[in-house]
2 protein chains.
Amino acid sequence: MHKPVTAEIISIGDELLYGQILDTNSKWLSEEMDKIGVRVIRKTTIGDDPEAMIQAFKLASKKADIILMTGGLGPTKDDLTKNVLAEFFNSSMKLFPDALEDVRHFFESRGRELSPTNRSQAYLPSNCTYIQNAVGTAPGMWFEEYKSVWMSMPGVPHEMKYLMENAVIPKIKEKYKLPVIYHKVIKTIGIGESWLSDIISEWEDQLPSHIRLAYLPSLGEVKLRLTGFGNSFDLIVKEVDEEIDKLEPLISKYIYGFNTDTIASVIGQTLIQNNENIAIAESCTGGYLSHVVTSIPGASNYYNGGIIPYHNAFKENLLDVDPVTLSTKGAVSEDTVIEMSKQVRLKFKSTYGLATSGVAGPGGGSKEKPVGLVWIACHDGEKCLTRKLQLTKDRLINIQLTSTASLNLLRETILQNRK
Amino acid sequence: MHKPVTAEIISIGDELLYGQILDTNSKWLSEEMDKIGVRVIRKTTIGDDPEAMIQAFKLASKKADIILMTGGLGPTKDDLTKNVLAEFFNSSMKLFPDALEDVRHFFESRGRELSPTNRSQAYLPSNCTYIQNAVGTAPGMWFEEYKSVWMSMPGVPHEMKYLMENAVIPKIKEKYKLPVIYHKVIKTIGIGESWLSDIISEWEDQLPSHIRLAYLPSLGEVKLRLTGFGNSFDLIVKEVDEEIDKLEPLISKYIYGFNTDTIASVIGQTLIQNNENIAIAESCTGGYLSHVVTSIPGASNYYNGGIIPYHNAFKENLLDVDPVTLSTKGAVSEDTVIEMSKQVRLKFKSTYGLATSGVAGPGGGSKEKPVGLVWIACHDGEKCLTRKLQLTKDRLINIQLTSTASLNLLRETILQNRK
């Protein structure tokens, strides 16, 4: 096994420290490094502050083979990064004719003249390799110093991506013999992280050291990420897949998909395959469940429509729910969601009808029907699966959890019908 | 002016280094620190790696008064933060009875038993102050060591926010004398950032140096954040409010609210005040617009319901849209949304009816009706305001922009009717 090639990502900019900008660059850089087998060991965010930069550069060079820096470049930042790098590497600034030509061309092709500020962007630390930025004016700079590779890029996302895709990643692949990394993510639903962990603990313990497991919980779901390291891609894939083959029977009823599958996308694919469709009657989820389903491109292939009868009168008038059910059992009851799911299915002429009714909160609760109590139902024309949920005090979380649970109920219905 | 109180944010988790998770926590934490006048000086992201953690803790304690750590907590096997902190502070692990009680109660109130893994979550470093996490099982831990404050929190966003809002921020305000900062955010809608900037540029130029303006654009809206710095809270508030009094007349028709107002919450308050209500017919927004409205607690006071007739047949059958309109003008047309808004208003007996119909994409476009073309309408029983939108190629962005524009159309209708 090769010693892993490591990287550190340094993001520079006051706006990142004030929290005004969401840092999507470092996530993207991490993903790209991960794809090519470079192990990111740390990410640092600092302000437009020379002292903090020097300290970050010193630290990074101790452990990282590759240091990717974004930000602090461009006319509004006074090209601080460039000047601090020159100081850090003890090099002078030099005019790079290629850089000057490219900056001039960038402006002329847009019908604009080169201003003095722009011209100064062609002055770079003399020890750098100039990397052309064809989609912006701030040049990329590649350095090989202190046994590491250093790449300085502008913070504007599409410019940084351009430089990475066109220059940096190819240069890294050329320079280093990279190990192979293979990830596979198993998506589970309907079981909590600690319960899942208990069920699979023996399997987890027997994993070889070059295959690691991470738990990534989110609302109502838990992702299991298996990561294999090695020298041969085909061998790693085979080994990781073998571990998954061992894992699946232990938790098969909770697994709904892999990698970038979402519960909505998987249900969509299944409905398309089966030539089936759905309609949704929502009370407490107020449109969110339909939104989750219709977020998926092509949803019109299997989503017929929905109705949101937010008051009991409309559950009666527009969805034909029996007024006796509503007055005796109430809107938040098993009987009501059975009728809602049955009726919405009929009205939209769909294979399945889903329904939700509950107390989303924070108000509206009572002793018998507290905030977080939700009933859901899935009707397939013959039978109806229902589930009672006892959720949280948080309205939005209750809405999200109910939607996830409803899609899971539909998934279970489809699975049951398959047998 | 006091010496600034500084903070460092340390985010822990392999999933952050691999780029599989977008780090929204550190942005939120930065914003919260900025609001109370604490200066974030660095943000560091490391893996579930004891050595990297210890190094990061050592570095942080040199410069930062407050160290906020997220991640690496929870009941599964790869959670190290707690144990590494105990090592770093040279303290032993101890059972905290309060923590045990709270974990037990968390599970029992959900009808579940305490597993051994969960029970171990009540063992914490003996030098910490236990901070209850009422929305999850991983406890918060507050330490005062090496002249700094250290707060360890789970990485799950809503749990971290709960701890920050309920415990950490109050404790920080109690412990430190923070500079006086007063923010006021003006929420605008229906105008782009550069146009807005042009209109208000003279006003912006005359702002005194201790009052700063930041433009915070988001989808379909621009927030203007005025921040005043000083020694006397009352004086700063007065000064900032005076600047806003100068600003408002310049852009009054675009301002819909302040601070944490959202377009949905403001509309909700207005409808309640006017004793009015709405119903929504959605095609391309697929439930999202209703969801935005019903996200607001108390929405049942003014939201009667909605219908999502995702196919033309249902626009006809369930919403009584004229089939001739559909066949001659098509679903994505001004005529169709006029009818949809008119009919949904009648069906749900509401004051206003809103309707959306468009090509969300990425598929479904044509030369005449490309992806991003959307019609919206707001009917008040007498007249109907419509608007044609030409948006993007991105499905989710189109859905969000359409919803914002629809709520703005309703806002304009209400304003017009007021005159």
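Note that the structure is a prediction, hence the values are computed from the model and not measured.

Right, let's get into the sheet that holds strand 12 (residues 255–258) of chain A. Residue and element names in this part refer to chain A. Pairing is antiparallel in the open sheet, where four strands are placed in the order 10-11-9-12. Of all the strands in the sheet, just strand 10 (211–218) and strand 12 have a single pairing partner and so form its edges. Between one strand and the next, the sheet's axes are offset by a mean angle of 25°, whatever the strand orientation. Relative to strand 11 (residues 221–230), strand 10 runs antiparallel, the two being bridged by eight bridges. Counterpart to Tyr215 in the pairing with strand 11 is Leu224. Contacts from helix 9 (residues 233–251) reach strand 9 (180–189), strand 10, strand 11 and strand 12 within the one sheet, and its direction differs from that of strand 9 by about 20°.

Here the focus is the domain arrangement of chain A. When its domains are assigned, chain A resolves into domain 1 (5–175), domain 2 (180–258) and domain 3 (263–418). Look at where the C-alpha atoms of domain 1 of chain A and domain 3 of chain A centre, and you get two points 50 Å apart.

All names here are of chain A. Secondary-structure assignment places Ala279 in strand 13 (residues 278–282). Given the relative accessible area of 0%, Ala279 is considered buried. Sequence separation between Ala279 and Lys342 is 63 residues; the distance between their C-alpha atoms is 10.0 Å. Sequence-distant contacts of Ala279, defined by excluding residues within four places in its chain, comprise Gly305, Val344, Phe348, Ser350, Tyr352, Gly353 and Leu354.

The axis of helix 8 (residues 193–205) of chain B is deflected most strongly, by about 55°, at Ile199 of chain B. Every buried residue of helix 8 of chain B is accounted for by Leu196, Ile200 and Trp203 of chain B.

Each partner contributes to the interface: chain A provides 76 residues, whereas chain B provides 74 residues. Across the chain A to chain B interface the summed buried area is about 6300 Å²; carbon plus sulfur atoms make up 57%. The interface formed by chain A and chain B holds 30 residue pairs in polar contact (both at pLDDT 80 or more) in total. In terms of residue count, the dominant contributor to the side of chain A that touches chain B is helix 8 (residues 193–205) of chain A (eight residues). Residues that form the side of chain A that touches chain B fall into these classes: 34 nonpolar, 26 polar and 16 charged. With five bridges joining them, strand 2 (residues 39–46) of chain A and strand 2 (residues 39–46) of chain B adopt antiparallel strand pairing. Of the residues in strand 2 of chain B, the one forming a bridge with Arg42 of chain A is Ile46 of chain B.

A separate point is the environment of Lys393 of chain A. Residue and element names in this part refer to chain A. Inspection of the secondary structure puts Lys393 in the loop between strand 17 (384–390) and helix 15 (395–418). For the pair formed by Lys393 and Pro125, sequence separation is 268 residues and the distance between their alpha carbons is 57 Å. Those residues within four positions of Lys393 in sequence are excluded, and the remaining contacts are Pro362, Val371 and Asn398.

Turning our eyes to something else, we now look at the sheet that holds strand 9 (residues 180–189) of chain B. Residue and element names in this part refer to chain B. Across the sheet, which stays open at both edges, the four strands sit in the order 10-11-9-12 with antiparallel pairing between neighbours. The outermost strands of the open sheet, each flanked by one partner alone, are strand 10 (211–218) and strand 12 (255–258). When strand polarity is set aside, the average angle formed by the axes of neighbouring strands in this sheet is 25°. The pairing of strand 9 with strand 11 (residues 221–230) spans 10 bridges and is antiparallel. Counterpart to Ile181 in the pairing with strand 11 is Phe229.

A word on helix 15 of chain A. All names here are of chain A. For helix 15, with 24 residues, the first-to-last C-alpha span of 35 Å sits near the 34 Å given by 1.5 Å per residue. Burial analysis of helix 15 places 17 of its 24 residues in the buried class, which makes it a mostly covered element. A side-chain oxygen of the first residue of helix 15 lies 3.0 Å from the backbone nitrogen of Leu396; this N-cap is Asp394.

Aromatic rings in a pair are described by how distant their centres are and how their planes are angled relative to each other. Taken as a whole and judged by the stated rule, the model has 24 aromatic pairs over all chains. Feature note: the residues Phe57, Phe88, Phe89, Phe143, Tyr146 and Trp150 of chain A constitute an aromatic cluster, connected by ring pairs. When the ring centre of Tyr176 of chain B is taken as origin, the NZ or CZ atom of Lys175 of chain B, which lies over that ring, is 5.9 Å away.

Analysis parameters
Residues numbered from 1 in each chain as written. Chains lettered and ligands numbered in written order. Predicted model: local features only at pLDDT ≥ 70, side-chain atom pairs only at ≥ 80, totals over all residues. Heavy atoms only, no water. Pairing = 2+ DSSP bridges. Helix = DSSP H or I, 4+ residues; strand = E, 2+ residues; numbered from the N terminus. Axes fitted to C-alpha atoms, helices over the stretch in contact; angles between N-to-C directions. Contact = heavy atoms within 4.5 Å. Domains from an automatic or database assignment. Buried < 20%, exposed > 50% of the residue type's maximum accessible area, 1.4 Å probe, protein only. Bend = angle between axes of the 7 residues up to and from the residue. Buried area = accessible area lost by both parts, 1.4 Å probe. Polar contact = N/O pair within 3.5 Å; in protein donor to acceptor, adjacent residues only side chain to side chain. Nonpolar A, V, L, I, M, F, W, Y, C, P; charged D, E, K, R; others polar. Expected span 1.5 Å × (residues − 1). Phe/Tyr/Trp six-rings, centres within 6.5 Å; stacked < 30°, edge-to-face > 60°. Lys NZ or Arg CZ within 6 Å of the ring centre and 35° of its normal.

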